[in-house]
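Breakdown of the fold
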Amino acid sequence: MFSICKELHPPTGVEMVTYCYFFDRREKNLVVAGANLIRVFRFVPDIYDISPDDGKPPKMRMECMGEYRFNGNLISMESMSLSLARDALLLSFRDAKLSIVEYDPEIHDLRTISLHYFETDDFKEGWSLRPNSQLRVDPDGRCAALLVYGRHLVIIPFLKRDSMFEEQFMDASDIKPNIASLSRIPALRSYTIDMKDLDEGVDNVVDFKFLHGYYEPTLVFIYEPIQTYVGRLSVRQDTCSLVAISLNVSQKVHPSIWSVSQLPFDCCQVLAVPKPIGGVLVMAQNSLIYLNQSVPPYAISLNSVAPKTTAFPMKPQEDVVMTLDCIQADFLSHDQIIFSLKGGELYVLTLLCDAMRSVRGFHFEKSASSVLTTCLLVCDKDYVFLGSRLGNSLLLRLGDKGVTKVAIEQVGLQGDGEGKNGIEVEDLTEDDDDEIIKLKRSRKALDQEEVEVYGSEKKTHFTLKTYTLEVSDSLLNVGPCGNMTLGEPSFLSDDFIALEDPDLELVTTSGYGKNGALCILERSIRPQVVTTITLTGLSDLWTLHSASAQENHELIIVSQENRSIILQADEDINQVTDSGFVTDMPTIFACNLGNSKYIAQVYKDGVRLLAGAEEVQRLNLDLTSDIVFASVADPYLSLLTEEGYVVLLSLEADRLNTTLTQLHKKSKIEAISCYCDHSGIFTTKPPTADNPEAEIMKLAKVKKETKDDDDLLYGMPDVSDSNFKQQQAANTSRWWKRNRYKHDNVAQSFWLVICRDTGALEIYTLPDLQLRLSAVDFSSSPRILGHTTQKHVVPDDDEQQSLPKVHELLLVGLGYMDRRPILFARIGEDLFIYEAYPYHEDSYEDVLKLRFAQIKHHLIVRERRSAKTKGTSNAPPIRKHFRHFPALGGYNGVFLCGPYPHWIILSTSGQMRFHPMGIDSRILAFSPFNNPNCSYGGFIYCNVDYEFRICMLAKHLSYDSPWPLRKVPLKHTPHFVVYHQETKTYIVALSTGELSAKICRVAGDEKEFIDEPKDERFPLPMRENFSLHIFSPATWEVVPNAELEMEPFENILCLKVVNLSYEGARSGLRGYLAIGTNYSYGEDTTSRGRLMVLDVIEVVPEPGQPLTKNKFKMLYQKEHKGPITAIDSVVGFLCATVGQKLYLWQLKDNDLVGIAFIDTQIYIHQMITVKNLIYIADIYKSVELLRFQETHRTLAVVSRDFRPLQVYGISFLIDNTQLGLVATDNDRNINVYMFQPQARESAGGARLVRKADFHLGQQILSFVRIKCKVLDPSTTKRNSIAIEKRHVTFFCTLDGGLGYLLPVTERTYRRLLMLQNVLANTFPHRGALNPKTFRQINSTDRTLGNPAKGIIDGELVWEFINLSWKDKCDISKKIGSKSDDIIEDLMEIDRISAHF
């Protein structure tokens, strides 16, 4: 059984973040990573921010500038300045690989600088559990350290920048900021330190960091040489130690310079405190310790548990009760830290230092309560980024709240234990005499020498800065998706209800705790139809503004085969009969000019200019051929004739001036587009003064002047280097001010883009038509388009025939304030999208300092070949496929007409979104339509049946996300969601956490709940209270008064809609809700559970509350002798696992009658059924297939997998008569098993045969299965019978990704497998990670057996679509196929799985 696995929705969780000069030194970028994806953002001022105060940082939006996917899961990411042009990223991948990459403007992608690989048996030393490698970077950029397999420390040294300059650049003219030699590539080889060989014999490393302010790179480790745990604290405590190691990189020696032992056992993190304070902060779960060489330690307990678990001397911190596990922290300044706790609370911690710079106290201030944080970063001291896997990641703006005053009273020496060394906040205007007297008395008591050593003991007053935090922007996160279900969308227009393919939406649970939510995902856009009119023969339509109403579109021009209709759109739509428009022939193009004051109408031999419906000017252009295409950039209008002539019209005052250009003299012109630039990228001038190139030139000169003998002798810090850094710091300190002016002062410019029949793309200035860029090989769709001067070699005749033609162009500004120039092109039958980016490395004069880079997408918009041959010849040709909409429902983008229409949206978030609209097959024409009747996102389109539909976008969805999405916040953790088909409602199992000191004592059947007495500084544990709720999909609100609360300590383990036998239904079955629970009373009590069968019934709603029409009705509930861990129905019977037994029951008269049972393995946590087969997953012992024989009423094991496997999720893979059993495991693999008793390796059918495996790299817990599409969205033709009997299995992952597994025929599999092998070896991969290795099954258990493979990597084979025409031809030749056949295969897979 062969299949293909493809991701549809990228992972959205954020696990790592760094802030660096990613593209160049002009501005810093925020780089976030999660799963195998890196996204790069820049900050742009929020256009809706109403209070631009110059002293205060503005509200910022994050605009995505690049997205990079890797063939491997990122474990850690750091940035480092390796070259003067930009920073490099150090990325470590599972298990022990390190790639150093940086942005390269030549290819507008990441270039790999160096690779490090440590996955050898010497390093592993027999480890099978593989702890994640940890990466750290020296703050001064001298080296990086990577801890692999917990035992080996790899040091990667980097060159000092000064020696580099001496060798490389004798002449300033050699310097270009982009050449590879500028990179500080490791000159010395990386070397390894075995942690056991260190003086201290370091093992079980908890955390390590580089320290600040040391002459040589210095690492500090927290480790636990002899381990302990909570249950052994009475015997062994204070097991952690700290050691600092100085690294002499050139000599490869590493002496230990400082060590501290007997730290609390629960130390979890270490923070290096910057200069001038220095030292480290050790975070333990219940305490906080400041340590520094030759300074006495200062430690505080954060709750009442700390004194009982450690003998380390501590002071209690008043008014603070917290635990520091899962803490994320970063420095706001040298003495202030912002940190986030596991509950999402944000605190600012201030280190209170005396005159000797030793820490004498801590001050905590709670700032806010926010998202549960996975990573935290302070950006330029003005913003804080909180990255999260469990909720939306947030960008917060820091504001000054004011100051608080704090006094520290020192009565005696540090650690004297007189108990008065706490912090007290007091009003400092009144001096308290008693306090002063006390201090004087204690001072006399001190020895004079001690005073000299430690400094005089005064009462120290501190003025602390306090902050406000407000949300600036957020990144949407769908994950972690623990459970998903299919449902029917509640708002579907009547026009689309009778379709043969069911219309569905996906609902997944998302988040945890207060970030809990439900995500409703729809892949395609379903328009809300307002009205439909049939207009036979319609070929195109335009909506126009009139001078009076700038917002609304008042006129609609409809072009038919031999006439044009003018419609007036107010409250209703009426035809205009007498007007200045041409109505006796079809319109080629219509648009507004002069800021919507005028209207231009283009017909085949002329143009009319109108004001409203009144004619102003009539131009008959006496051309030798008809006008076929027009493009506008107010005030310019350019026309293209059939023979390839270009006519340019410009509006001056109220007249159109005409010029017939001479562009056609060289060769015929195929396509044109006018463009108005707001981005400032379209320029021929080199960059301005704040650019890094000029800095580097200056720096090289300074270097030569400042090389002194002293310098070389004493190794002084490099003057020019620090100058450069200071200048950089000054440049970026208030970078948003500079950027704001830069953003405001961009002059607009006008350009004409043309494409010739030779395949060359040229860009001219308007109106004087000076050539500014020429790319000769445009029609072969290369990855990068730049200016080329060589003459285009005319290829042989046969090759000239096959070179695809460019049919249409559109260059348009999208994104934030239209500042992202995007070029759309239809080359052959395919869509190519390019983005302009600044490129200053060319030395050409009078040429645009930019290049175009191809944006990768997975769209195949051509028509199926099988469909083309028959019956579609009557569909009219569409001349204009790209329809730009500037602001439709708040989004800007381009609508793509044609056989498979798509919305391509690029809004302020900066990421391009592709949403299909295949619900109405081929679309001939489209136009945005703002009208009082279409309040939100109105538009008009016409389909292939000439139905003219006025529609709106669904208001409740957000379209600026990979799939149109609605996120419903629940503020509780969702565990299960199911769809109840009869009542069309969703049933959700939620849990609410509460702090509780309650415990349960069980004696026989008696339960006694006792509240344990605890002091007020005790951190109480969190207990989950479970409940069941009904959600109505119309409003996504909870149905009031219908919830079902579980008992205390009762957890819901499974929830399903089960089809049980019922005599009142025609099928003999009816859907009931089945719930299995477990009473978690602690480890001393045997687990028991409860099984419930409920019905959702309709009742008379309460007045004024229409949602209250549904309620739960309890049919059966009973306590059982074990937890109910999995549940389903098989041929009308209820099947459930109770402890280690699996039972079958029949529902009769609201009671369950036992039918059969069987013993199972350890803990069955998932169960699914098909016909009379039951497929179960054990948490540790892999999967089993059981069969229920109704005639004998027996359950029997048919077959099982004998290898140990920690199963996470299970599903079926169905292809006609073949049944595959899918199981996902804790190593992020997908395994497919089959029951094949005739196969030799199945031992007569007792053993399940593993037929396929695939490493996805993300954890899957939940699947849904659905029949393949019956109709192709691009035609109305049915798919073949074989396809109709195939099912697609969709899955969701804990990183927020979605994808599918689809069975394919052997022929398709063989062709795509060859393609996959060629693609894997032909092109370089980011970070030099091989897709073959990444997708190979990854197993920690050393079980015998080879990888079965058998699953195609969809991500890799879809890359074929984005290749250039030449590469496509070469690769198809290599595998003995045609590129059209490959694309046809991919298209079929894409179309039959185009659900939702």
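Please read these numbers as outputs of a predicted model, since none were measured by experiment.

Let's talk about the confidence of the model for the chain
Confidence along the chain averages 86 in pLDDT terms, with 87% of residues attaining 70 or more. Every residue in residues 411-432 scores below 50 in pLDDT, and together they form 44 contacts with partners more than four places removed in sequence or on other chains.

Observations regarding the sheet that holds strand 76 (residues 1124-1130)
On the basis of which strands lie adjacent, the open sheet formed by four strands has the order 76-77-78-79 and antiparallel pairing. Each edge of the open sheet is held by one strand with a lone partner, namely strand 76 and strand 79 (1151-1159). Ignoring strand direction, the axes of neighbouring strands in this sheet form an average angle of 25°. Note: strand 76 against strand 77 (residues 1133-1138), six bridges, orientation antiparallel. In the strand pairing of strand 77, D1128 is matched with C1135.

Some points on a nonpolar patch on the surface
A cluster of nonpolar residues, I1162, Y1163, I1179 and Y1180, forms a patch on the protein surface that exposes about 340 Å² of accessible area. By the element assignment, I1179 lies in the loop between strand 81 (1173-1178) and strand 82 (1183-1189).

Considering the side chain of R26
By the secondary structure assignment, R26 is in the loop between strand 2 (16-20) and strand 3 (29-34). One polar contact links R26 to D24, side chain to side chain, over a distance of 2.5 Å.

As for the pairing of strand 8 (residues 97-104)
On a regular strand, each side chain points to the face opposite its neighbour's, so the side chains alternate between the two faces of the sheet. The element strand 8 is largely enclosed, with a buried count of seven among its eight residues. Sheet topology places strand 7 (residues 88-93) next to strand 8; five bridges connect them, and they run antiparallel. Within strand 8, the residue paired with L91 across the bridge is S99. Adjacent in sequence and paired antiparallel, strand 7 and strand 8 are bridged by three residues. Bridge count between strand 8 and strand 9 (residues 109-117): eight bridges; the pairing is antiparallel. Note on strand 9: the bridge partner recorded for V101 is T112. The turn linking strand 8 back onto strand 9 is made up of four residues, and H108 within it adopts a positive phi angle of 50°.

Section: the nonpolar core
Formed by 46 residues in total, the largest nonpolar core has its most connected members in I4, L506, F1290, L1315 and W1358. Sequence-distant contacts of I4, that is, excluding residues within four places in its chain, are made with Y1300, L1301, L1302, V1304, L1312, I1351, I1352, G1354, V1357, W1358 and I1389. Among the nonpolar cores identified, the runner-up in size contains 41 residues, and L541, W903, I923 and Y936 belong to it.

The rules behind the values
Residues numbered from 1 in each chain as written. Predicted model: local features only at pLDDT ≥ 70, side-chain atom pairs only at ≥ 80, totals over all residues. Heavy atoms only, no water. pLDDT = per-residue confidence, 0-100. Contact = heavy atoms within 4.5 Å. Pairing = 2+ DSSP bridges. Helix = DSSP H or I, 4+ residues; strand = E, 2+ residues; numbered from the N terminus. Axes fitted to C-alpha atoms, helices over the stretch in contact; angles between N-to-C directions. Patch = residues over 30% accessible without salt bridge, like charges linked within 9 Å, V, L, I, M, F, W, Y side chains within 5 Å. Areas by Shrake-Rupley, 256 points an atom, 1.4 Å probe, with all protein chains shown as cover. Salt bridge = Lys/Arg side-chain N within 4 Å of Asp/Glu carboxyl O. Polar contact = N/O pair within 3.5 Å; in protein donor to acceptor, adjacent residues only side chain to side chain. Buried < 20%, exposed > 50% of the residue type's maximum accessible area, 1.4 Å probe, protein only. Core = buried A, V, L, I, M, F, W, Y, C linked by side-chain atoms within 4.5 Å.

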